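Structural overview for review
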Amino acid sequence: MSTQNNLTIDSEKAEKMRLEEVFKTINANKNGLTSDEAAKRIEICGPNSISAKSESTLMKLLKFFWGPIPWMIEIAAVLSLLAKDIDDFTIIMVMLIFNAMIGFWEEHKASNALDALKKGLALKAKTLRDGKWSEINASELVPGDVIRIRLGDVVPADGKLFDGNYISIDQAALTGESLPVNKKVGDIVYSGSIAKQGEMVAVVTATGGNTFFGKTALLVASAGAVSHFQKAVMHVGNFLIAVSIILCIILSSVVLYRDHIATGSINLIAILKLVKLVLILAIASIPVAMPAVLSVTMALGALAMSKKKAIVARLQAIEEMAGVDILCSDKTGTLTKNQLSLEKPVVFNAENEENCILAAALASKEENNDAIDLAIIDGLSDKSVLEKYKQTNFVPFDPVSKRTESTVTLPDGKNVRFTKGAPQVIIGMSEMNDGNKNKADETVTSFAKRGYRTLCVARSDDNGNSWIFLGIIPMFDPPRDDSAETIERAKTHGLKVKMVTGDDIAIAEETSKKLGLGSHIQAATDLFGDQSPDHLSARTAECIEKADGFGRVFPEHKYGIVKALQSRNHIVAMTGDGVNDAPALKQADAGIAVSGATDAARAAAALILTAPGLSVIIEAIEIARKIFERMTSYTIYRIAMTIDIMFFVVLAMIFFPTLPGSSAAFQPLTAIMIILLALLDDIPIMTIAYDNTIVDPKPVRWNMANILSISTVLGFFAVIQTFGIFFIGVHVNGKEFMGAVITPQHIQTMIFLQLVVGGHLMLFVARTKRLFFMPPLPGAPLFWAIVGTQIFAAAMCGFGLLVHKLPWQLIGVVWIYCLAWMFILDFVKIITNRLLHFTSNHQKAFLHRLNKHHGKEV
C-alpha cells in the first residue's frame, strides 16, 4: 500500500526539481546514507516492495467449503438428514471437513514452497552506505540512498540521476515507449525499467508503492502459472467428471424406472437415498485431489531444485526442462571456471609488459566485480600505481561493442582514453600497418590454438579519434573439473550439449575437444551472414543442428540458434547472463540465467542458477524428469481408479439388482463405504510428491494418447478384478465359508476391502514403467501411507467399524486375491507399454520412409 511521507518525492515532481532541491527535500547528499539513517528511514517508509492483499487464514479455509464439489457433498449431507440416516450424515460431514483440511494443508505447503523460491529471486541493488559501495536486497532501499545502475540492471526504485556520462533505459513495460530512452544527469529513472547501455549513479526518490510502477502496476504472481502438463491433466479431470455424471444419470434413470415407475410404487425415502448414493458415487469418482496433488508435486519439486542451486522462476518451466533434448551452454563460467590467469603480454606500442597491463587496468573498474577486470588488476605487480591516475569516465563492457573504455587523467594532468576488448574489435579500430596487423592476428590465433583467450589494449590521445595499439594480453580460463564428466552424464540422458561462446573459433575448438563435445564448431558470424534470426534458411537451420558448438557469437545469434533448433523439432535450453541475452532466454523452451547474470537476464529466464557450472543444469533436468514421472504415474492411477469404481458400481446395480437365487434388493456398496473409499484413497495420493522415481534416459514429453491407453487398460482389468471378488461372494452366498455363513452384507464388505486394497496396490503398479518390485522402490512417505491405510481398512472390516464385520480368514482371502491381481495388472501394464512402444516405432519408421520417398528427411 502507498504511504506518502516527507522523505518521498513523486516522480513527476522530482523530474521538474533541480538536483539541489531533491537532495534538500529528502535530506540526503551525494555520499549516500549511513546504515543507522537507512534503518530509521525504512521504519518510516517501509520496505521497497509492493504488498499484495493477503487473504486471512480463515477465508482461505472457508473457500474449501464453497464450490461444485463441496456443494455436492453438502447436498448429500442434507439428503441424509431428510432420510434420517444420522450415521451417513456424520460420515459425510467428516468427508467434507477432511477434504477441506487436505486442500487447505496442501495449498499451504505449495504456498510456502513458492515463497521460499521467491526469496531466492529477490533483486539486488548496488548502494553507497557508510561511504562504501555494497550490494543489498533491493527491498531494503530507502529514499536518499545513492545507487549505481549499470548495463543489465533492473532499476530497483525511482531515482534522479546525478553522476555519470549516459545510460540507455528500456521503460517500454511502464510507459509504452518502444525504443530505449537515453538518460542524462537530472533525468528520472523508474523502478522496474531495464538498463540497456551505460552506467550512472542516482539518488532514490521513491520506493515501494510510491514509485511510478507501484502506483500503476498490478502485482502478478507468475510463479503460480499453469503449465501445459497441468492443463492437459485438467482436461483429463474434466473428461472423468463428464463420464461420472453420464454414468450417474444412466444409473439414476434405470433404477428409477425399474424400481419405481415400472412398478407404480414411488417411495420418496428410497428416491432420496438413491439421489444421495449417486451424489456420493460421483464425489468419490471425481478426481477432487488432482489440483492439490499437481500443485504440491510441482512446488516441492521446484523447492528440491532450489536446494541444488537452480531456482525455478515459473513452475511451468519444469515440464519444458524435463523435455529438453538440446542444451546450448555458455563456455565462460559454465563449462570453464571463469578463474582467469594472465600470461606475459605481447607488446606492440606499449613501453613494456607492465605498462601494457597498466593500460588494461585503467580500462577496468574493480568495484564492478567483473572477472576479466579483476584478473587484469590482479596482474599488476603493484596495484598502488593506480592511485596516481584518476578515472573520470568509464563505459563498461557491452556484448555488442565487445570492449570497455575509460577516460583517465594522467599524473601530468593530461586526459587520455584507454580501451580493452575482443581482438577483432581493438585491432579493427587501431591504426596499424599491414605487417603489425598480420603479426597481431597470428599472435591471437597462436594463443587460441593453445586454448588461451586474448585481450587487446589500445590508447587514444585525441579524444577517441584515433587509437594506438598497445599490445595483446593472453589469459587462460581452465575447464571446470566436473565439466567433462557432466557432459558424459548429459549424453546418457539423451541430452546434446552445444557450446556457445563469443571467443574465436580456435579457442572454442580447443575447449570443445578437451570437454568431449566434438570439434565441429561453426562461426556464428559466418553462419548467419545477412540473414535475419527470424527468417533463417532451411540449410542454415540444418547446419546449426549438426554443429557441436558456435564461436564468435553475438547475443542476436543466440536467439537465431534457438529458433533454428526449434524449427527442427527440438526442445531447447539456452544459457545467458547479459541484458542482450533476454530475447534468446525468452524464446528458448527453457531459458537459463547463469550464476551472476544481470537482473534483465534473470527476469527473462525460466531457471536461475545460483551456483556456476554445467552440473547444476543437468541436476535440474534430472529433477524435472522425476517430477514429470510422478505426475504421470498419478494421472494413470487416478483415471484407472475412476473407471474401476464407476463402471463396477453402475454395472452391478443395473445388471444385478438382486443376488442370484435371492429376491432381496442388493446394493454392491453402501453410501458410507463409498465415502470411506474416497477418504482412504486420498491419503496415500498426497504423498506421491515424495515418491522415488527413475530418471528417464530420454527427454520426456506429455503423451496424452499413451497415458489414456495405459490407464484405460488398467481400469478395464481392475473392473474385472472387482467383479471377480463379487462373483466369489455370490458363489458362497448363504453357505459356510471360512468359519462364517456368507450374507449379502459380507459380500458388500468384501467388495469394499477389495477396492481399498486393490486400488492402493494398483498405485504401486502405476508408479513405475518397470515391474513394481524393481528399483526404485516406493518412497517411505508413500509406502507407509499405503500400509497405514491398509491396516486401518483391515481393522475396520475385522472389528466391524462402520461396515459389516468380516472374519479375519476372509480378510486374508481378499488380500491374497488382490496380491495375485497385482501381478496380473503389472503384467498387463508391461505388455501395454511394449505394444505402445512397438506401435510408436513403426509409425516413426513409416513416416521416415514416407518423407524419404518425397525427398525429405524427418
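Check the entry above for the structure.
Heads up: these notes are all about the structure in this document.

How each quantity is defined
- In this convention, every chain numbers its residues from 1, walking through the sequence in written order.
- Owing to the predicted nature of the model, reporting of local features is limited to residues with pLDDT of at least 70; listing and counting of side-chain atom pairs is limited to 80 or more, with chain, interface and lining totals taken over all residues.
- Hydrogen atoms and water are omitted, and side-chain values are computed over all heavy atoms in the structure.
- Each patch is assembled from residues with relative accessible area greater than 30% and no salt bridge, linking like charges that lie within 9 Å and nonpolar side chains (Val, Leu, Ile, Met, Phe, Trp, Tyr) that lie within 5 Å.
- In this description, accessible areas are obtained by the Shrake-Rupley approach with a 1.4 Å probe, and a residue is regarded as covered only by the protein chains that are shown.
- One speaks of a salt bridge when a side-chain nitrogen belonging to Lys or Arg is within 4 Å of a carboxyl oxygen belonging to Asp or Glu.
- Labels follow the DSSP assignment, with helices taken as runs of H or I lasting at least four residues and strands as runs of E lasting at least two, numbered in each case from the N terminus.
- Only rings of Phe, Tyr and Trp enter the pairing, Trp through its six-membered ring, and a pair is recorded when the two centres are within 6.5 Å. The plane angle decides the type: under 30 degrees is stacked, over 60 is edge-to-face, the rest tilted.
- Burial classes follow relative accessibility: with a 1.4 Å probe on protein chains only, a residue under 20% of its type's maximum area counts as buried, one over 50% as exposed, and anything between as partly exposed.
- For a lysine, the NZ atom is tested; for an arginine, the CZ atom; a charge sits over a ring if that atom is within 6 Å of the ring centre and within 35 degrees of the ring normal.
- To estimate the expected span of a helix, subtract one from its residue number and multiply by 1.5 Å.

The next subject is a nonpolar patch on the surface. Nonpolar side chains collect at one region of the surface, where Leu771, Phe773, Met774 and Phe823 lie side by side and expose about 370 Å² of accessible area between them. Turning to its location among the elements, phenylalanine 823 is positioned in helix 30 (residues 808-853).

Here we come to the packing of aromatic side chains. Two measures describe an aromatic ring pair: the distance that separates the ring centres and the angle between the ring planes. For the structure on display, the rule yields 19 aromatic pairs. Centroid distance phenylalanine 348 to phenylalanine 469: 5.1 Å. Interplanar angle 85°. Geometry classified as edge-to-face. Placement of phenylalanine 348 in the loop between strand 11 (346-347) and helix 14 (353-362) and of phenylalanine 469 in strand 16 (residues 468-476) is noted, with a sequence separation of 121 residues between them. Looking at phenylalanine 469, the relative accessible area reads 0%, which means it is buried. Geometrically, the ring pair formed by phenylalanine 648 and phenylalanine 726 is edge-to-face, given 6.3 Å between the ring centres and 70° between the ring planes. Taken together, the residues span a long stretch of sequence, with phenylalanine 648 in helix 25 (residues 614-655) and phenylalanine 726 in helix 27 (residues 704-732) at a distance of 78 residues. For phenylalanine 648, a relative accessible area of 0% puts it in the buried group. Three or more aromatic residues joined by ring pairs form one cluster here, namely Phe648, Phe656, Phe666, Phe723, Phe726 and Phe727. The aromatic ring of phenylalanine 554 is capped on one face by lysine 402, whose charged end is 4.6 Å from the ring centroid.

A few words now on helix 22 (residues 555-567). For helix 22, built from 13 residues, the straight-helix expectation of 18 Å at 1.5 Å per residue is met to within 8% by its first-to-last C-alpha distance of 19 Å. Among the 13 residues of helix 22, 10 are classified as buried, and the element is accordingly described as predominantly covered. Among the residues making up helix 22, those that are buried are Pro555, His557, Lys558, Tyr559, Gly560, Ile561, Val562, Ala564, Leu565 and Gln566. Note on helix 22: the residue one or two positions beyond its end, asparagine 569, has a positive phi of about 70°.

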